Structure formats: C-alpha cells, structure tokens
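Below, each chain spelled out in residue letters.
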Amino acid sequence: FGTSFTVVPVGLYLAAASFAHRQASVVVAITLIWVGGIFILGFRGLALIPGLVVLALLHHRGRRLPAWIHLLLLLLVLGAIPLARAVRDQGAGQRSLERTWERIHLLDGVIEMGSSLRPLVYTLGYMESEPWRWGKTYARSLATVWPNLARRWEGRPYMALEDLPPNHWVTAQAAPDMYRNEGGLGFSAVAEPYMNFGVAGVLLYFCGLGAALGRAAEFGSPRPLHRAALAAVLGPLLWTTRNSFEIFFRPAVWGLGILLVCRIAAGLAGASGRRRLSFDPGLHDRLRRAGGYQRSHGVAAGAPGRVAPGHMQPRAFRQPYHARTSG
C-alpha cells in the first residue's frame, strides 16, 4: 500500500506531461479519483501534493483554469483538511457523517495550517540543550532510499533519542503518547536545516533551494519525459514542507528510476519496430504497388510532383533532384 504513494503519482505525472490535449479530461478524472480516495483515508499531504503537481503540469502545457475554479479549489481544500482529520481520528468502526460534521468548524483549516509551526517551535527549544546534527539527518535520509525487504515483519530496533529521524525525535519529546501510538507531529522544512547547522543552515538551504528551482523553471523542456522527471522531484520536495527529508529521497529516486525504465522500454520498442520495418519482405512489393498507383493517376514514379496521401516514399528510395530532372 505504501509503495502506491510513489508509483501512482509518477504515473499521473507522466500522463499529465505527455497526454494529447483531447485526453486532458481523462487525466483529470483519474487524478481526482486517486486524490479523493487517499484523502478520505486521512493521507492529506500525500493526496494534495500530487493533485497540485498535476495541476501545475496542466497549466504549464497551456490548460489554464479560470480564476474562479482556483478559488473554488482553495475553499474545498480548506474545508477538506479538517474533514480528513476528523475522519482519521475516528476509529474504523465509529465513523459516521453526523459525528464528523459536528467536529468541523469553518476556520479549522486555517488554524491547522498555523499549527504546522509547532515542530519548529519545539525544535528551537530542544536544540538549546542538544548538539547540532551537522548533516546527519540528511545522510540518514539518503540511506533510506533502498526499501526494507524481509520475509517477515520485524519491529524497529532501539535507537537513541538523538539518532531518531527528526519527525520521530520531536514527537517523542513533545507528544510521547502520540509517539507510542505510532502517530506523529510531522516536521518542518525550516526546522531541519536549523537542527543541523543553526541559522546559517536555514539561510544556505533556502538560497540553494531557490537557485535550484530557478534553474528548473528556466529549463522548461518541451519533452514529456523531462517534465515528468521534474514533477517526480517536485512532488516529494513539497512533502518536506511538513516533514523531514526522510520522505524525499526514496520517492524522488525511485520515481526517476521508474521514468528511466519507461524511457528504456520505449526505446527498445521503437528499435524493434524499426527492425521489423527494415526486414519486412513485403516492403519492396508495397513500394512498387505505390509507384503503380502514382503512375495510374498521372504522376510518374520518378518525376517530381505530389505523392498521393498514404504513399509517401521513404527517404532511402527518393532519387536526387538532378536524377529526377535528367532526360
């Protein structure tokens, strides 16, 4: 189930980056089905981010939505954020529409977005008595690229508090009951560089991030695979706004790997098709019949003129201009 959070968004990005314009409605419908299903299960960030990235791809390809639709989507998201939280907080057998609506207020979405500052506030306080991590959290996040493969489930090994991932580290101290119940407060894109290098780390991180995003915006390749690759990196990067880099490296690297496999498979399929065309024993006969069709319609096979539709001669069989005009 967790693997689908990586594989399905990459498929959506590739479809949004390469669809024909008449197929845009199909891509939007599939995206809405995926986003809605995951959102109802309580995975708000994992649902909203792929939807936003697909919307950005559509905008980049010229499928711009009216301003009122953007405003409507914003209001729907602000209302859906507390709705998803209320559904998630209820047990699987205790969920009811009436009880859910009773727990929702108009400004809950705005209030909850403000509560995302909690991990940063806690980090500022806890780091007064703890040493800087000096990049260890990023190194450990990079080590999680390879998935955990085992025949049977094994519990987590014991880890000292300072060795925990940032989101676990802050939850274990600020909300121990939530941590014991496998919950979490998330983390912050500001808190992690501060946790590693202090204020200087925050400045360097966002300067580097801004430069990288600026270069990506200037790149602007029209090739679908390049657009999908940028989206496969941008999606996990947006997840880090409410989490640590532990959630970035694995989906980004595996997403790029999936796109590379698609590129290789498409190249092999194209090469196989070209080989079949080159060694087709009936190719010469079809070309000769095409020449007969041209002569029967008043166009000499070797004379310059318009070739009938569907019977364009390959370049290898076209004669030079001086040969066509001689005699």
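Up top is the structure these notes are about.
Residues numbered from 1 in each chain as written. Predicted model: local features only at pLDDT ≥ 70, side-chain atom pairs only at ≥ 80, totals over all residues. Heavy atoms only, no water.

S.K.: When you look at the overall build of the protein in this model, what are you seeing that I'm missing?
M.R.: When helices and strands are counted, the protein shows 16 helices and zero strands. Within the protein, buried positions represent 31% of all 327 residues. The long-range share in the protein, meaning contacts at least 24 apart out of those at least 6 apart in sequence, stands at 65%. Per element, the accessible surface of the protein, about 21100 Å² overall, is 65% carbon and sulfur. (Helix = DSSP H or I, 4+ residues; strand = E, 2+ residues; numbered from the N terminus. Buried < 20%, exposed > 50% of the residue type's maximum accessible area, 1.4 Å probe, protein only. Contact = heavy atoms within 4.5 Å. Areas by Shrake-Rupley, 256 points an atom, 1.4 Å probe, with all protein chains shown as cover.)

S.K.: What should I look at first to understand the nonpolar core in this one?
M.R.: For soluble globular proteins, the rule of thumb is that nonpolar side chains tend to be buried together. Of all hydrophobic cores here, the largest spans 21 residues; its most connected members are Tyr13, Trp34 and Val54. Elements represented by at least two residues in this core include exactly helix 1 (4–18), helix 2 (24–40), helix 3 (44–60) and helix 13 (224–239). Top contributing element to this core by residue count: helix 3, with seven residues. Each residue touching Val54, except ones within four places of it in the same chain, is listed here: Leu12, Tyr13, Ala16 and Thr31. Judged by nonpolar contacts, the second largest core, of ten residues, contains Phe187, Tyr194, Met195 and Val202. (Core = buried A, V, L, I, M, F, W, Y, C linked by side-chain atoms within 4.5 Å.)

S.K.: I'm lost on the side chain of Ser141 in this one. Help?
M.R.: Following the sequence through the fold, Ser141 ends up in helix 8 (residues 136–142). Ser141 sits in the buried class, given a relative accessible area of 3%. Within the structure, the side chain of Ser141 is placed 3.2 Å from the backbone nitrogen of Glu246, a separation counted as a polar contact. Apart from residues no more than four positions distant in its own chain, Ser141 is found in contact with Glu192, Phe245, Glu246 and Phe249. (Polar contact = N/O pair within 3.5 Å; in protein donor to acceptor, adjacent residues only side chain to side chain.)

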